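Descriptive analysis of the structure
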Amino acid sequence: MVIQKEKDAFLALLKEQSVLKNITFMMQWDTHANIPPKGLDDRLESVGYISEKLHQLNTSDKMKYYIDLFKEDPDDELLRQIALECEALYDKNRKIPQQLHKEFVMLKAKSEAVWQEARKQSDFQLFQPYLEKMVAYNQQFTDYWGYDAHRYDALLNQYEPGMTVELLDGVFPKLRTAIIDLLGRINGSDKEINESKLTKYFPEANQKELSLALLSKIGFDGQAGRLDTSVHPYTFAFHKNDVRITTRYNPNDFRESVSSALHEGGHALYEQNFADKLRNTPLAEVSSMGMHESQALYWESFIHGSKEFWEANLDVFKTHAPKEFHDLTASDLYQSSHVVKPSLIRVEADEVTYPLHIMIRYELEKALLDGEVKMSDLPGIWNEKMKDYLGVAPPSDREGILQDIHWSSGDFGYFPLYTIGMMYAAQLHHTMDKELHVKQRVRNNELEQIKGWLTDHVYQYGKSKKPLDILMNATNEPLNPDYLITYLTGKYSDLYEV
Ligand code: ZN
């Protein structure tokens, strides 16, 4: 029997943990958004200091005491889940020797700098020794964390608890075959989608108003969040009542800011709709990075990327668009946002070819971690796979293997989440559609029903449920790539008349 005093003390410790997290976030946000260059060094020192305090709290004997006290508590399910989450964090932090972690953090800064230089010079050989070290550190980490079937599982699990190589190897090949087949048909189509009607001057202030108006339509709570500007759009959530998102403006292509705002808006809806009982606990976070991405992609692609969305919001568009855009129809807006063109750069890829970029990285990461590939062969293998999957070959390392920052930061196991998220989104959509008739809801501007469904099945749980359990409970099925295949094939066969 746990006494109330112990519960109160544990909750107070969690509150302290949550406050320290908020302080770090606030400093990081300000560092991203506002800091003058000369202020950076002192700021990083402050971030380091508070992060260290948080680390100490998470790995303290006091924390361990409460974990052991509550992790088997039969009377309080929520407290039990919180204790288990704290335990996962405690174990993760304690398993890696501090010295090793410190070395890794220091190497990371150097490695990122070398990668930037290598990219500039388009010279993989310059970066190669650092990539070797980054792989070696990750191999050591996975040894400390432990894994069953595949070393790579331990890396995937940092971001996507429960996800395995076995599962991904079971779904990716099918998805790849279907996409390559669809891409072949699109490439053979005579249909040309004309973007020129949309790529005209659209003042930044109008783009911002349009983005805000559409964000409010999807249910983004402007009293519990803000929209700001940054080079790379992102979402920063302090807690459910303070969710900051950013977008960027291209004066000659409003599509970039609007789709980024709705992507980040999707992330924000998730963050703003955790159940209140999770506040100030480590469960007031998204279930996983893949589930987080699924929500951003859902609102960006399935809702904003539908013809019905533009039919329902054509008046909103015209209210904020300059008069040169006033003869556009919903069909123009829809079609011109769906050009498919295989490209070399992942971040510029459309939704059809994007998963192919991910699969190349996934296959190479696995091979690297398992030591199955010679480092110097990597650029060649990369280029070969680009040709096989996308039909385009990078003319240089800069546009090939050196394009992403992830490996230089030692982030392995992250790339697959983008495509896992898209599969989650498609599968959730399939079930939701049977219950709500999504097109009808979008056409009638009843988006609150969609947000409500997602809140009931995904958002409210925060981190108290694992992503694959959320998926299974919501759709009654394990991960199934068919729904994404159906979505992409249906949408683009129609658009390209193939
Ligand atoms: Zn995202």
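For sheets, the rule is that strands pair by backbone hydrogen bonds, running either parallel or antiparallel. Taken together, the three strands give an open sheet; going across it, the order is β1-β3-β2, and neighbouring strands pair in mixed fashion. Pairing within the sheet leaves two strands with one partner each, and these edge strands are β1 (225-229) and β2 (235-239). Looking at each pair of strands side by side, their axes are set apart by 15° on average, direction ignored. Sheet strands in contact with helix α10 (residues 254-272) are β1, β2 and β3 (242-247), and its direction is about 165° off that of β3.

With that settled, the discussion passes to the environment of Ile96. Considering the arrangement of structural elements, one finds Ile96 in the loop between α4 (77-95) and α5 (98-121). With relative accessibility at 10%, the residue Ile96 sits in the buried group. Between the alpha carbons of Ile96 and Gln272 there is a distance of 33 Å; along the sequence they are 176 residues apart. Discounting residues that sit within four places of it in the chain, Ile96 has contacts with His101, Phe141, Tyr144 and Trp145.

This paragraph deals with the pattern of salt bridges. Taken as a whole and assessed by the stated rule, the structure comprises 30 salt bridges. Measuring nitrogen to oxygen at the nearest pair gives 3.0 Å for the salt bridge that ties Glu77 to Arg80. Of the two residues, Glu77 and Arg80 are both situated in helix α4; the distance of three residues between them amounts to about one turn of the helix. Judged by relative accessible area, which is 43%, Glu77 ranks as partly exposed. Among the charged side chains, a network of salt bridges with common partners joins Lys21, Glu85, Glu285 and Lys463.

With that out of the way, let us pick up the packing of aromatic side chains. Scanning the entire structure with this criterion turns up 33 aromatic pairs. Their ring planes at 80° and their centres at 6.3 Å tell us that Phe317 and Phe325 sit as a pair that is edge-to-face. One aromatic cluster is present, built from ring pairs that chain together Phe202, Phe254, Phe309, Trp310, Phe317 and Phe325. Lying over the aromatic face of Tyr130, Lys133 brings its terminal NZ or CZ to 4.9 Å of the ring centre.

Quick look at helix α20 (residues 467-475) now. At 3.6 residues per turn, the α-helix brings residues three or four places apart onto the same side. Turning to α20, its buried residues are Pro467, Ile470, Leu471, Ala474 and Thr475. Angularly, the buried residues of α20 cover 100° about the axis, an arc narrow enough to put them on a single face. Along its buried surface, α20 packs onto α10, α11 (289-303), α17 (416-436) and α19 (447-457). Among the residues trailing α20, Asn476 stands out with phi positive, at a value near 65°.

Attention now goes to unusual backbone geometry. Although it is not a glycine, Asn280 sits at a positive phi angle of roughly 60°. Note on placement: Asn280 falls in the loop between α10 and α11. Its identity is not glycine, yet His437 carries a phi of approximately 55°, on the positive side. For His437, the location among the structural elements is in the loop between α17 and α18 (438-443).

Our next topic: the packing of helix α8 (residues 165-187) against helix α21 (residues 482-495). Running from amino to carboxyl end, α8 crosses α21 at an angle of 5°, the nearest separation of the two axes being 10 Å. Here α8 is positioned roughly parallel relative to α21, judged by the angle of their axes. Between α8, through Lys174, Leu175, Ala178, Ile179, Leu182, Arg185 and Ile186, and α21, the contact on the second element is made entirely by Asp482, Leu484, Ile485, Leu488, Thr489, Tyr492 and Ser493.

Turning next to the coordination of the zinc ion. Protein ligation of the zinc ion involves His263 (NE2), His267 (NE2), Glu293 (OE) and Glu293 (OE), the donor distances falling in the range 2.1 to 2.7 Å. Of note is the zinc ion, whose four donor atoms meet at the metal with angles of 49 to 125° in an arrangement that counts as irregular. Spacing between the donor residues of the zinc ion along their common chain follows H-x3-H-x25-E. With His263 in helix α10 and Glu293 in helix α11, this pair connects stretches of sequence that are 30 residues apart. The exposure class assigned to Glu293 is buried, which follows from its relative accessible area of 11%.

What counts, and at which threshold
Residues numbered from 1 in each chain as written. Predicted model: local features only at pLDDT ≥ 70, side-chain atom pairs only at ≥ 80, totals over all residues. Heavy atoms only, no water. Pairing = 2+ DSSP bridges. Helix = DSSP H or I, 4+ residues; strand = E, 2+ residues; numbered from the N terminus. Axes fitted to C-alpha atoms, helices over the stretch in contact; angles between N-to-C directions. Contact = heavy atoms within 4.5 Å. Buried < 20%, exposed > 50% of the residue type's maximum accessible area, 1.4 Å probe, protein only. Salt bridge = Lys/Arg side-chain N within 4 Å of Asp/Glu carboxyl O. Phe/Tyr/Trp six-rings, centres within 6.5 Å; stacked < 30°, edge-to-face > 60°. Lys NZ or Arg CZ within 6 Å of the ring centre and 35° of its normal. Arc of directions from axis to C-beta. Parallel < 35°, antiparallel > 145°, perpendicular 65-115°, else oblique. Donors = N, O, S within 2.8 Å, 3.2 Å for Na, K, Ca; no water. Tetrahedral: all angles 85-135°; square planar, octahedral: opposite > 155°, others 65-115°.

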